[in-house]
Amino acid sequence: MKKIEAIIRKTRFEDVKESLLEAGIEWFSYYDVRGIGKSRQGRIYRGVVYDTSSIERTLVSIIVRDKNVEKTVEAILKSAQTGEIGDGRIFVIPVEDSIRIRTGERGDIALYNAEQEK
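What comes next concerns the included structure. Since this is a predicted model, take the numbers as computed values, not measurements.

### Observations concerning the environment of K67
Point 1. Here K67 lies in the loop between β5 (54-64) and α2 (69-80).
Point 2. Between the C-alpha atoms of K67 and M1, which are 66 residues apart in sequence, the distance is 8.6 Å.

Written out as structure tokens, the structure is:
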């Protein structure tokens, strides 16, 4: 099992969500986050200088079975990429175990409903 975390532009979230659903990834969490990037500049709006070094992004967090890692990463890449600086990052992290609280099932089986795989 792997945890995939993607930090993406807020404006691309709906596209990423649709792409993940099309790829069969139906469960994930997302959070509004702020971060610091390489770009450091001030923007002037109506005579007031605003610091834009703090960037608003969305963090998408997904736990998938090993067989679904590549299709998940490809879905995010396809839908989040604009080709401009600031598109974000994808991280793939190993997950040691998964436990379904309701049934106590452990491992891969805790990530999906076995009845749906038949």
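### Side note on the packing of helix α1 (residues 13-22) against α2
Two quantities define a packed helix pair, namely the angle between the helix axes and the distance between the axes.
Point 1. Across the interface, α1 lies against α2 with an axial gap of 8 Å and an inter-helix angle of 145°. Seen along the crossing, α1 lies across α2 with a hand that is right-handed. For the pair formed by α1 and α2, the contact residues are D15, V16, S19, L20 and E22 on the first element and T72, A75, I76, K78, S79 and A80 on the second.
Point 2. A per-class count over the contact of α1 with α2 returns five nonpolar, three polar and three charged.

### Regarding α2
Point 1. In this model, α2 (12 residues) spans 16 Å end to end at C-alpha, consistent with the 16 Å of a helix rising 1.5 Å per residue.
Point 2. When we look at burial in α2, the residues that qualify are V69, T72, V73, A75, I76, S79 and A80. The arc that holds the buried residues of α2, viewed along the axis, is 155°, so those residues lie on one side. Exposed positions of α2 whose direction lies more than 90 degrees from the buried face are E70 and K78.
Point 3. Where α2 is buried, its residues meet β1 (2-9), α1, β5 and β6 (88-94).

### Section: α1
Every α-helix winds through 3.6 residues per turn, so residues three or four apart in the chain are directed the same way.
Point 1. Within α1 the residues assigned to the buried category are F13, V16, S19 and L20. Viewed along the axis of α1, the buried residues span an arc of 125°, placing them on a single side of the element.
Point 2. Check the buried side of α1 and you find it contacts β1, β2 (29-36), β5 and α2.
Point 3. One or two steps after α1, the chain reaches G24, where phi turns positive at roughly 90°.

### Side note on the sheet that holds β5
Point 1. Taken in spatial order, the four strands line up as β2-β5-β1-β6 in an open sheet, and their pairing is antiparallel. What marks the edges here is a single partner per strand, and that holds for β2 and β6. In this sheet, adjacent strand axes meet at a mean angle of 25° when their direction is disregarded.
Point 2. The strands touched by α2 within the sheet are β1, β5 and β6, with β1 carrying the most contacts at an inclination of about 0°.

Thresholds, definitions, all that
Residues numbered from 1 in each chain as written. Predicted model: local features only at pLDDT ≥ 70, side-chain atom pairs only at ≥ 80, totals over all residues. Heavy atoms only, no water. Helix = DSSP H or I, 4+ residues; strand = E, 2+ residues; numbered from the N terminus. Axes fitted to C-alpha atoms, helices over the stretch in contact; angles between N-to-C directions. Left-handed = near helix turned anticlockwise from the far one by under 90°. Contact = heavy atoms within 4.5 Å. Nonpolar A, V, L, I, M, F, W, Y, C, P; charged D, E, K, R; others polar. Expected span 1.5 Å × (residues − 1). Buried < 20%, exposed > 50% of the residue type's maximum accessible area, 1.4 Å probe, protein only. Arc of directions from axis to C-beta. Pairing = 2+ DSSP bridges.

Don't take any of this as a statement about function, it's just geometry.
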